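Chain and residue survey
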Amino acid sequence: MVSGAPANDVDLECRRLVKRFGGLAAVDDVSFTIAEGSFFSILGPSGCGKTTLLRMIAGFQYPDEGDILIKGRSIVSVPPNRRPVNMVFQHLALFPMMNVAENIAYGLKRRGTPRSEIAPKVQAVLERVGLPDSGPMRVDRLSGGQKQRIAIARCLVLDPALLLLDEPLGALDLKLRERLKVELKELQSQVGTTFAYITHDQSEALVMSDHVAVMNEGRFVQVGTPQELYFDPQTAFVAGFVGDSNRWTGRVEDADTTGVKVVTADDLSLLGAPAGAGGLARGDRVEIFVRPESIILGHDATRLGAVDNRVRGRVENILFDGANSRVMVRDGASGHEIMVTLPQTGEFAALSRGQEVHLGWTLAQAKCFPAGDDAARAGAA
Amino acid sequence: MKAGPPFRLGLILLLAPIVLWLSLLVILPHIDMLLISLRVRVAPRVYETSLANYVEFFTEPLYWNTFARTAIMSVTATAMTLLIAFPVSYYIAKMLRGRTKNLLFLLCLVPFWVSELVRTFGWMILLRETGIVSNLLQWAGLTAGPVEMLYNDAAIMIGLVYTSLLFMVVPLVTTLDSLDDSLIEAGYDLGGNGFAVMRTIVVPHAMPGIASGCIVVFMLTLGNYLTPILLGGKDSLWFTDQIYTQFITRFNWELGSAFGFLLLVLSSIIVWIGLRLSGQTLSESVK
Amino acid sequence: MIPSIPQPRAFRVTYAAYVALFFVYLMAPLAVAAAFAFNDSMFPSLPWNGFTLDWFVGDAEPRLGVFHDGALTESIGISAFVAFWVTVLAVGVGLSNAFLFERQTFPFRNLLYMLMLAPLVVPGVILGISILVFSNSIINGIDNAVGVEIDALRPGLALVVLGQFAFITTITTLVISARLRKFDLSLEEAALNLGATRMVAVWTVTIPYLKPALIGAGIVAFLMSFENFNTTLMLVGSDAPLTITMYDRLREGSTPALNAVSLMLMVVSGALALLSVFVQRNRGGR
């Protein structure tokens, strides 16, 4: 985990940060570290406090409690214009009255860099972001992707210890966003600058980051690699927010060392594995999450193999989307709709509405979290 | 951005100019004017507080006749401006499209950019005894000799309406422009005739524009000085002229201040009533 | 009564004729005021005696043209002087007010905003006399207290500048505020983030952004000052700005030199008006 990294490799450290607006804590006791040269994302729904957190690091908000250290030095009392962090704003905030080169030179001029050094530096960074000829262009003549790169170049030219990115892809259309995700990741590994990226889009966070912090209601719910978050969520919130899942609520009927038996609200009996902190006992209310791709689909029950949970249902809908195709299956007994990834093997090419299918998944793939986990914690805070 | 102690200093620096401006050039002068209107000179450099100036206003028929005449003429001018401007605004907003529309609209704004003095001068050339209109009438054989068309109420009215048109046309075109054509079509479709559609759909929709146009025009007309004096001549009997006379000619500042204050009160009351009736705010109307 | 609804031909023709007549009414006084600048006659009236430029360039009485009419050229200079100072003051204070109302929160903000609008509602003549009365009170007060007479506050150009500034500032404030309201605050934050101090951020980012509005407000302020009559009339001393000089000549009856001045005024204001439209249209650009 990140927090285990040695101190001299840490670019940013936040210690027990708190920011309140009115009585409400927008950022509530958040501590984390970002290792040098890594791509760190903060992922959370809108209003979770991630923008406030970023603005405190940039210096536009003053924390009520806690400390922010860059390279081991506290910067809480340093004004925003003297901090060694630069920020790519949500709408990029390129200066419309200046051309591309003037935009990039802006920070150098403020530092008093000699004129003769500015032009080569600007040119070098323009080449680094792949737009060597755009210097004299007007900002409003650039495409969305080019603007994006210029906004990053404007920060990189200052060689910051940390680059903050405030949902810079949010305003772009889907196709461009997909492409820029890849570009941004490649750019980061090329330049080696530490990136702190905030987003509400889980796909952006998973694709680009070395580490992701999932944030909800002012707190970090879980910090880990994208794989850890996806395969080993620690709370119901993370399980529900990162990736797609089928979700049931129910009550624990029986619990032993191998797993728990749960009866759902619509009377389905399921076997699952307790997940997150703390065990489960008989009578606990739980939420169960099962990923669509961990459900095995078969034309008859024998094809499922050794699975702990079996369901028989009818195909309700086929959502064809190439490699991401899904089948919606209505469970015959409980009436619950279950989302299943459609294997691209051709075996199910002829699948049609109304057809009877069998579903199965193992105990380990049904993760059971105590219900109301996050709500209870937020209430106690 | 907003928090932090250093920016309170910024607030004070930003407050200083506006406070100086409003207090020294607007608020204190008006308070001083009110105080001076409430005193009379009993001996050289000796004053007493009294309502005598206001009493004089109400007991001297010339004064309050002029006052009432100014108010009535202003109301008339406002109504005439509305009547003349409405069909034109409607034509620009609803009958025209594209470039012609923009061009004609801009043309309506031209007089605003030209000094009121020049505009009034133009009217004097048109209306005087040796002027264009008089010559045209003679040429057409409608009159035997030259006609003096200046120095009467009609001339004042022509000039006042002319000066006010812009302030009526702009709000009217803006509100009429926002009326969806399909509403008018629906009105006809449901069996209304032209008059009924106008009365039940167009005018109610344009009401905010009508109200703010009328308020601004009335205010400007009431406080106008140049047009009534130049086009109406010595007997124009306009209230601002009375104020000028008291101040500059008779050097009776006490009475002049009282007149000024009365005009201000009249203007404010009418504007306030207008805003109340139309449910608008001052900041919307002056835009 | 829209193009999609058929109307009798007679109605359409009448309506169009009315609108045409309206524009004749609108343009007639301007047209004649301009045309008679070129009439070869001693008076700005018919008959038309042929074309002349005497009223611009004539250099001797009785045909003294504008360019050689000392009183007129001097008053143009005075008007320009007054307008310059009014513009500088009104745009400066307007800019400060825009930042105050758009960026700051403070008690009685709405009350102050209403007061800021008040000068538009007060008739110009009354604004003039109130300032006249108040400046006189100040002179007397200081005279009584310390025995010094401050002549700068007697009717004269200083008072004229202050009087015009008093209501023109409201207009510049509204124009500049409207533009500042559209400013994206993150641009200023970006400047801070790139190492600018607050003052430098405002100077290098916000002010350039406001430039079209500042120029537009400046043009409007200059024209309104140049053409103001009502407030000026009450505060003027021995140095008469152009409008006052023209007014005096109008009452006496004047030569077409006055038309020549009028035409020049129209041309200059027309050019400035076009310039301001152009500047506003190109806003956001470089």
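Parameters and conventions
- Residues numbered from 1 in each chain as written.
- Chains lettered and ligands numbered in written order.
- Predicted model: local features only at pLDDT ≥ 70, side-chain atom pairs only at ≥ 80, totals over all residues.
- Helix = DSSP H or I, 4+ residues; strand = E, 2+ residues; numbered from the N terminus.
- Rg over C-alpha atoms; globule rule 2.2 N^0.38 Å.
- Buried ≥ 20, exposed ≤ 12 C-beta atoms within 10 Å, placed from the backbone.
- Contact = placed C-beta atoms within 7 Å.
- Pairing = 2+ DSSP bridges.
- Axes fitted to C-alpha atoms, helices over the stretch in contact; angles between N-to-C directions.
- Nonpolar A, V, L, I, M, F, W, Y, C, P; charged D, E, K, R; others polar.
- Left-handed = near helix turned anticlockwise from the far one by under 90°.
- Domains from an automatic or database assignment.
- Parallel < 35°, antiparallel > 145°, perpendicular 65-115°, else oblique.
- pLDDT = per-residue confidence, 0-100.

Right, let's talk about the overall build of chain B for a bit. Scanning chain B from terminus to terminus reveals 13 helices and two strands. Here chain B has a C-alpha radius of gyration of 24 Å; the compact-globule value for 287 residues is 19 Å, and the former is much larger. Along the first, second and third principal axes, the C-alpha set of chain B runs to 75 × 75 × 35 Å. Out of the 287 residues belonging to chain B, those deemed buried represent 43%. Put simply, 68% of the contacts in chain B that link residues at least 6 apart link residues at least 24 apart.

Here we take up the sheet that holds strand E4 (residues 65–70) of chain A. The strands making up a sheet are joined through hydrogen bonds of the backbone, oriented either antiparallel or parallel. Residue and element names in this part refer to chain A. A sheet is described by the order of its strands in space; here four strands give the open sequence E2-E1-E4-E5, paired in antiparallel fashion. Two strands bound the open sheet, and with one partner strand each, they are strand E2 (24–35) and strand E5 (73–74). In this sheet, E2 lies alongside strand E1 (residues 10–21) in antiparallel orientation, the contact comprising nine bridges. Bridge pairing in E2 places Val18 opposite Asp28. The strands that helix H1 (residues 50–58) touches are E1, E2 and E4; relative to E1, the one it contacts most, it runs at about 120°.

Attention now moves to the interface of chain C and chain B. The partner chain B presents 68 residues to the 68 residues of chain C that form the contact. When residues in the side of chain C that touches chain B are grouped by element, the largest group, eleven residues, is from helix H1 (residues 9–35) of chain C. A breakdown of the residues in the side of chain C that touches chain B according to their chemical character gives 52 nonpolar, 15 polar and one charged.

Bringing the interface of chain A and chain C into the picture now. Between chain A and chain C, the contact holds 18 residues from the first and 17 residues from the second. Looking at the side of chain A that touches chain C, the elements that each hand over two or more residues are strand E6 (85–88) and helix H2 (100–111) of chain A. If you tally residues by element for the side of chain A that touches chain C, the top one is H2 of chain A, at four residues. Class assignment of the residues belonging to the side of chain A that touches chain C gives a composition of eleven nonpolar, four polar and three charged.

Glancing now at the packing of helix H8 (residues 181–189) of chain B against helix H9 (residues 194–222) of chain B. All names here are of chain B. Closest axis-to-axis distance for the H8/H9 pair is 10 Å, and the angle between their directions is 145°. Crossing geometry of H8 relative to H9 is assigned as right-handed. Note on element contacts: H9 touches H8 through Val197, Ile201 and Val202, opposite Leu183, Ile184, Gly187 and Tyr188. Residue composition of the contact of H8 with H9, grouped by class: six nonpolar, one polar and no charged.

Moving on: unusual backbone geometry. Residue and element names in this part refer to chain A. In the Ramachandran plot, Lys71 falls in the positive-phi region, its phi being about 50° despite a non-glycine side chain. Structurally, Lys71 is set in the loop between E4 and E5. At Asp159, a residue that is not glycine, the phi angle is positive and equals roughly 55°. With respect to the helices, strands and loops of the structure, Asp159 is situated in the loop between helix H4 (144–156) and strand E7 (162–166).

Residues and elements named next belong to chain A. Its location among the elements puts Arg314 in strand E16 (residues 309–319). Looking at Arg314, the number of C-beta atoms within 10 Å reads 14, which means it is partly exposed. Through-space distance from the C-alpha of Arg314 to that of Ser352 is 9.6 Å; in sequence the pair is 38 residues apart.

Another aspect to go through is the environment of Gly250 of chain A. Residue and element names in this part refer to chain A. Within the secondary structure, Gly250 is located in strand E11 (residues 246–255). The buried category is assigned to Gly250, around which 24 C-beta atoms lie within 10 Å. The spacing of Gly250 and Val263 is 13 residues in sequence and 5.4 Å in space, taken between C-alpha atoms.

Attention shifts here to helix H7 (residues 185–193) of chain C. The buried fraction of H7 of chain C is high, at seven of nine residues. Those residues of H7 of chain C not exposed but buried are Leu187, Glu188, Glu189, Ala190, Ala191, Leu192 and Asn193 of chain C. For H7 of chain C, the secondary structure elements touched by its buried residues are H1 and E6 of chain A together with helix H8 (198–227) of chain C. Looking one or two residues beyond H7 of chain C, the residue adopting positive phi is Gly195 of chain C, at roughly 110°.

Turning next to the sheet that holds strand E9 (residues 211–216) of chain A. Residues and elements named next belong to chain A. Read from one edge of the open sheet, six strands run E6-E7-E8-E3-E9-E10, paired in mixed fashion. The open sheet terminates on both sides in strands that have one partner only, identified here as E6 and strand E10 (219–224). Each strand of the sheet is rotated relative to its neighbour by a mean of 20°, with strand direction disregarded. For E6 and E7, the ladder comprises four bridges, and the chain directions are parallel. Counterpart to Asn86 in the pairing with E7 is Leu163.

Bringing the domain arrangement of chain A into the picture now. All names here are of chain A. Per the domain assignment, the segments of chain A are domain 1 (2–237) and domain 2 (238–370). Computed over C-alpha atoms only, the centres of domain 1 and domain 2 are separated by 38 Å. Across the contact, eleven residues belong to domain 1 and twelve residues belong to domain 2. Put simply, the parts of the chain that give the side of domain 1 that touches domain 2 at least two residues each are E10, helix H7 (226–231) and helix H8 (236–241).

On to the packing of helix H6 (residues 157–181) of chain C against H8 of chain C. Residue and element names in this part refer to chain C. Running from N to C, H6 and H8 point in directions that differ by 160°, and their axes come no closer than 9 Å. Between H6 and H8, the angle falls in the class roughly antiparallel. Note on packing geometry: the crossing formed by H6 with H8 is right-handed. Every residue of H8 that contacts H6 at Gln164, Ile168, Ile171, Thr172, Val175, Ile176, Arg179 and Leu180 is listed here: Leu210, Ala213, Leu214, Gly216, Ala217, Val220, Ala221, Met224 and Ser225.

What follows deals with the pairing of strand E12 (residues 260–264) of chain A. Residues and elements named next belong to chain A. Where E11 lies against E12, five bridges are found, and the strand directions are antiparallel. The residue bridging Arg251 from the neighbouring strand is Val263, located in E12. Following E11, the chain reverses through four residues before pairing antiparallel with E12. Across four bridges, E12 lies against strand E13 (residues 269–274) in antiparallel orientation. Within the sheet, the bridge partner assigned to Lys261 lies in E13 and is Leu271.

All names here are of chain B. Looking at chain B as a whole, the pLDDT averages 83, with 94% of positions reaching at least 70. No element of chain B has a lower mean pLDDT than helix H13 (residues 282–286), which averages 55, and none a higher one than helix H3 (residues 61–95), which averages 90. Confidence drops under a pLDDT of 50 for residues 1–6, and excluding neighbours within four residues, the segment shows four contacts in the predicted structure.

Next up on the list: H1 of chain A. Residues and elements named next belong to chain A. Across the nine residues that make up H1, a large majority, nine, are buried. By the burial criterion, the buried members of H1 are Lys50, Thr51, Thr52, Leu53, Leu54, Arg55, Met56, Ile57 and Ala58. Once H1 ends, the next one or two residues include Gly59, with phi positive near 100°.

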